[in-house]
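The residues making up each chain are set out below.
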Amino acid sequence: MPVHFGVHQTSPKDIHTLVIYGTFIDAPTPYELRLRRRHVCVIDVIKGKIRKLEPWDQMNSQFSFPKDVTGHDKHDHKLPQGWQRLIMKETQAIAVGVIDCHIHAAQFNQLGTNTDIPLMEWLTKYTFPEESAFKDPAHCTQTYTKLLSRLLRNATTTAVYYASNHLSSAKILAETAAAYGQRAYVGKTCSDQLVPDYYVETTKQSVAETEEFLQWVKGKWGGNTDGHDSREALVKAVITPRFVPTCSWELLKELGRLAKEYDAFVQTHVAESVDEVMLVAEQHPELQRDIKILEETGLLTDRTILDHCTHLSDTEVGEIVRKDAGIVCCPYSNMLFARSVVNVPRYYNPPPPPDGRFSIENAHPNLSLRKIALGTDIAGGPSPSMWVNMRLAIIQDRIPSFRNMSEYPEKDSPGVIKEPPTWLMTHTYTYHLATVGGAAIIGMSDLLGVFEVTRLFDAFLVDWAVEDGEQAFDIPAVVHRNETEEQWEERVRSGWERFVMGGDDRNIIQVWVNGKEVCRRTMTRA
């Protein structure tokens, strides 16, 4: 199926209201997949927000559109001018778009390669040479265009990006994301030490260009007069020290100053791998650890995004909780480079439902993060798909319960585990992290993450039984006549789970950001 991208290519300019009828899916908690059947959603395309979301049979007749707007009526009534209608098939649903909280845009060309050595060596041998090529604007445009196309095809409606060290690269990335209609948080990466001469910055240059980027983004995409970014700006700037090893103390302090002055988001890598942790302790013998250093330099705030965090202590997690910072778990790259995983249910433990299906007995008794999300970590993670990383998050949650053969006493059978583990990570849990969790990380919990009136409409149309056969799996597209509510729910839950666990971009038909269509697949017939 051909795929079309960009607001101007896919979303008619004269449309101001979008009406969608069918099934809507979101995950308000890690334990709840919410299904809304036969609902009508009315979207203000200009403001990008949901105006109405109700069951069809409860729609208020006083609302300003004819009742037959869903197509239920057999008569062919014309829609009001500027309105557009979408009626879903029974094998389709509208779901909340996913938020990728950690992407190295300047590493996209090395995706799926060079995963054979430890992190610090990997950076020097492969990554710094790759990123240095982004001083060329043409190279930036070519690469970022491919990246945005790939992400939107996978329903990544919001992304948090590291560009390269170059100011021009960060600007081109921001402009490309905006042109494609994606919600983007973009950082010019800062590194003034431990980087090859052909790529390193001076401290003064790094600080000056970071401030210029903050001002440029604010001027181009909006902000109010007191220096704070507009909450709903499509593109925001993020202060981005790569990580402690490649940033001098002076640079970290100056970036901390800018973070306070501009009330800006901050992103950086923390406790990512064994070799990185050891290097930080060697560089900073008094403070020893990333979290202490970030706190001392003013970079640990309630707008800080901490990537990886696989080697944190409970004390450090406690400090993150107190500062209300956020953690981004990157399952694929963590397993490849970190030699550790983030024990998400230990630190993120919203109360489970009272029916006893879920247990948080392994949660830390005194620590509960408010913000934890997922990221692909292109290209440390070799897949640009959040769906792949959601599946790996489930596997990651089960790894600590694995047992080696040597752990069994001789009298035990290798197949016996006496205390069955409790696994909280399900496809619903990981989808919650990729939507609600991501919204919390970027300070948009009241605007994104779930479908509610007044929230921004960032969403996608999924079909788990694509008619032309071009999809990742095959299931019967059987819909029984006079289907009961229980039969409908079982069918939809099964179809959704199959998509999350085995589907891909071939099942994603349309994508919207801010109420505007940014990606569409068109059917082809033989």
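In this text the structure is predicted, and so the values were computed from the model without any measurement. (Residues numbered from 1 in each chain as written. Predicted model: local features only at pLDDT ≥ 70, side-chain atom pairs only at ≥ 80, totals over all residues. Heavy atoms only, no water.)

### Let's talk about the overall build of the chain
Here is the rule we go by: A run of H or I in DSSP counts as a helix once it spans at least four residues, and a run of E counts as a strand once it spans at least two, with each numbered from the N terminus. Residue-level accessible areas treat just the shown protein chains as cover; the underlying method is Shrake-Rupley with a 1.4 Å probe.
Each helix and strand in the chain was counted, giving 14 helices and 18 strands. Surface accessibility of the chain: about 22000 Å² in total, with carbon and sulfur atoms responsible for 49%.

### What about the nonpolar core?
Put simply, the test is: The definition of a nonpolar core used throughout is a set of buried Ala, Val, Leu, Ile, Met, Phe, Trp, Tyr and Cys residues joined through side-chain atoms within 4.5 Å. Throughout, exposure labels follow a simple rule: accessible area from a 1.4 Å probe, protein chains only, divided by the maximum for the residue type, with under 20% read as buried, over 50% as exposed, and the rest as partly exposed. Segment limits for the domains were obtained from an automatic or database-derived domain assignment. The contact criterion used throughout is that any non-hydrogen atoms of two residues lie within 4.5 Å.
Formed by 123 residues in total, the largest nonpolar core has its most connected members in Ile94, Tyr161, Trp387, Tyr431, Phe457, Phe460 and Trp496. Ranked by the residues each element gives to this core, the list is headed by helix α4 (residues 167–180), at seven residues. Looking at which domains feed residues into this core, each of domain 1 (3–70 + 79–96 + 450–523) and domain 2 (98–404 + 413–442) gives three or more. Every residue in contact with Tyr431, bar those within four places of it in the chain, is listed here: Ile25, Asp26, Ala27, Leu33, Ala95, Val96, Val98, Trp387, Met390, Phe460 and Trp496. If you look at the next biggest cluster of nonpolar residues, it comprises 17 residues, including Cys101, Phe265, Ala373 and Leu456.

### Looking at the environment of Ala434
Counting through the fold element by element, Ala434 comes out in helix α13 (residues 427–441). Through-space distance from the C-alpha of Ala434 to that of Cys101 is 8.6 Å; in sequence the pair is 333 residues apart. Setting aside residues up to four positions removed in sequence, Ala434 forms contacts with Val98, Ile99, Leu374, Met386 and Met390.

### As for the packing of aromatic side chains
Two aromatic rings, taken as a pair, are described by how far apart their centres are and by the angle between their planes. Filter applied, for reference: A pair of aromatic rings is counted whenever rings of Phe, Tyr or Trp (Trp by its six-membered ring) have centres within 6.5 Å, and the orientation is called stacked for planes under 30 degrees apart, edge-to-face for over 60 and tilted otherwise. Consider the ring centre and the ring normal. A charge sits over the ring if Lys NZ or Arg CZ is within 6 Å of that centre and within 35 degrees of that normal.
Scanning the entire structure with this criterion turns up 19 aromatic pairs. With a centroid separation of 6.1 Å and 45° between ring planes, the pair formed by Phe460 and Phe499 is classed as tilted. Remark: Phe499 occurs in helix α14 (residues 485–502) and Phe460 occurs in strand β16 (residues 459–463); sequence separation between them is 39 residues. Side by side, Phe460 and Phe499 carry an identical accessibility label, which is buried. Through a chain of ring-to-ring contacts, the aromatic side chains of Trp387, Tyr431, Phe460, Trp496 and Phe499 assemble into a single cluster. The ring of Trp221 is capped by Lys220, whose NZ or CZ atom sits 5.7 Å from the centre of that ring.

### So, the pattern of salt bridges
Stated formally: The salt bridge definition used is simple: a Lys or Arg side-chain nitrogen within 4 Å of an Asp or Glu carboxyl oxygen.
Summed over all chains, the structure comprises 31 salt bridges. Ionic pairing is found between Lys52 and Glu54, a salt bridge with its closest N-O pair at 3.4 Å. Take Lys52: its relative accessible area is 15%, and that puts it in the buried class. The exposure class assigned to Glu54 is partly exposed, which follows from its relative accessible area of 22%. Across the salt bridge formed by Arg322 and Glu319, the nearest N and O atoms sit 3.1 Å from each other. With Arg322 and Glu319 both in helix α9 (residues 314–323), this residue pair falls three residues apart, about one helical turn. The class of Glu319 is buried, set by a relative accessible area of 15%. The network of salt bridges with common partners includes Arg37, Glu90, Glu483, Glu485 and Arg491.

### Quick look at the side chain of Gln92
The line we're drawing: Here a polar contact means two N or O atoms within 3.5 Å. Within protein one must be a hydrogen donor candidate and the other an acceptor candidate, and residues neighboring in sequence count only if both atoms are side-chain atoms.
As for its position among the elements, Gln92 is in strand β6 (residues 92–96). A polar atom in the side chain of Gln92 sits 3.0 Å from the backbone nitrogen of Lys89. At 3.2 Å, the side chain of Gln92 and the side chain of Asp463 are in polar contact. Contact partners of Gln92, with chain neighbours within four places excluded, come to Thr23, Leu461, Val462, Asp463, Trp464 and Ile509.

### Considerations on the confidence of the model for the chain
The cut-off we apply is this: On a range of 0 to 100, pLDDT expresses the predictor's confidence in each residue.
Overall, the predicted model of the chain reaches an average pLDDT of 88, with 84% of residues at or above 70. Predicted confidence is poor over residues 62–66, with pLDDT under 50, and the contacts of this stretch with residues over four places away or in other chains come to 10 contacts. Low pLDDT (under 50) marks residues 224–229, which in the prediction has 10 contacts with non-local residues, meaning those over four places away or in another chain.

### Quick look at helix α5 (residues 203–221)
One full turn of an α-helix is made of 3.6 residues, so residues set three or four places apart face in the same direction. Put simply, the rule reads: Helix span, expected: 1.5 Å multiplied by one less than the number of residues in the helix.
For α5, with 19 residues, the first-to-last C-alpha span of 27 Å sits near the 27 Å given by 1.5 Å per residue. Among all positions in α5, only Thr203, Ser206, Val207, Glu209, Thr210, Phe213, Leu214, Val217 and Trp221 are buried. With its phi angle positive at about 110°, Gly222 sits one or two positions after the end of α5.

### Section: the pairing of strand β4 (residues 49–55)
Using the following cut-off: Strands pair, by our definition, only if DSSP identifies at least two bridges between them.
The pairing of strand β3 (residues 32–44) with β4 spans six bridges and is antiparallel. Following the sheet pairing, Cys41 is matched in β4 by Leu53.

### What to know about α9
Taken residue by residue, α9 has Glu316, Val317, Gly318, Glu319 and Ile320 as its buried positions. Where α9 is buried, its residues contact α8 (290–296), β13 (304–308), β14 (326–329) and α11 (344–347). Asp324 lies just past α9 and shows a positive phi near 60°.

### Some thoughts on the pairing of β3
Counting buried positions along β3 gives 11 out of 13 residues, so the element sits mostly inside the fold. When strand β2 (residues 17–29) meets β3, the two strands line up antiparallel, connected through 10 bridges. Residue pairing across strands places Asp26 opposite Arg34, the latter belonging to β3. The turn joining β2 and β3, which pair antiparallel and follow one another in sequence, is formed by two residues. Linking β3 back to β4 in an antiparallel pair, the connection comprises four residues, with Gly48 at a positive phi of about 80°.

### Section: unusual backbone geometry
With an omega of 5°, the peptide bond between Ile378 and Ala379 qualifies as cis. With respect to the helices and strands, the residue Ala379 is situated in the loop between β15 (372–374) and α12 (386–398). The phi torsion at Asp324 lies on the positive side, around 60°, for a residue other than glycine. Mapping Asp324 onto the fold places it in the loop between α9 and β14. The exposure class assigned to Asp324 is partly exposed, which follows from its relative accessible area of 22%. Even without being a glycine, Asp377 presents a positive backbone phi close to 55°. Positionally, Asp377 belongs in the loop between β15 and α12.

### Description of the packing of α12 against α14
Packed helices, taken two at a time, are described by the angle their axes make and the gap between the axes. Using the following cut-off: With axes taken as lines fitted to C-alpha atoms, and helix axes fitted only over the stretch in contact, angles between N-to-C directions fall between 0 and 180 degrees. By the definition adopted for this analysis, an angle is roughly parallel if under 35 degrees, roughly antiparallel if over 145, roughly perpendicular if from 65 to 115, and oblique otherwise. When residues are grouped by polarity, Ala, Val, Leu, Ile, Met, Phe, Trp, Tyr, Cys and Pro land in nonpolar, Asp, Glu, Lys and Arg in charged, and all others, Gly among them, in polar.
The geometry of α12 relative to α14 is characterised by a closest axis approach of 7 Å and an angle of 95° between their N-to-C directions. In this view, α12 runs roughly perpendicular relative to α14, as classed from their interaxial angle. Of α14, the residues touching α12 (which contributes Trp387, Met390, Arg391 and Ile394) are Trp496, Phe499, Val500, Met501 and Gly502. Looking at side-chain class alone, the contact of α12 with α14 contains seven nonpolar, one polar and one charged residues.

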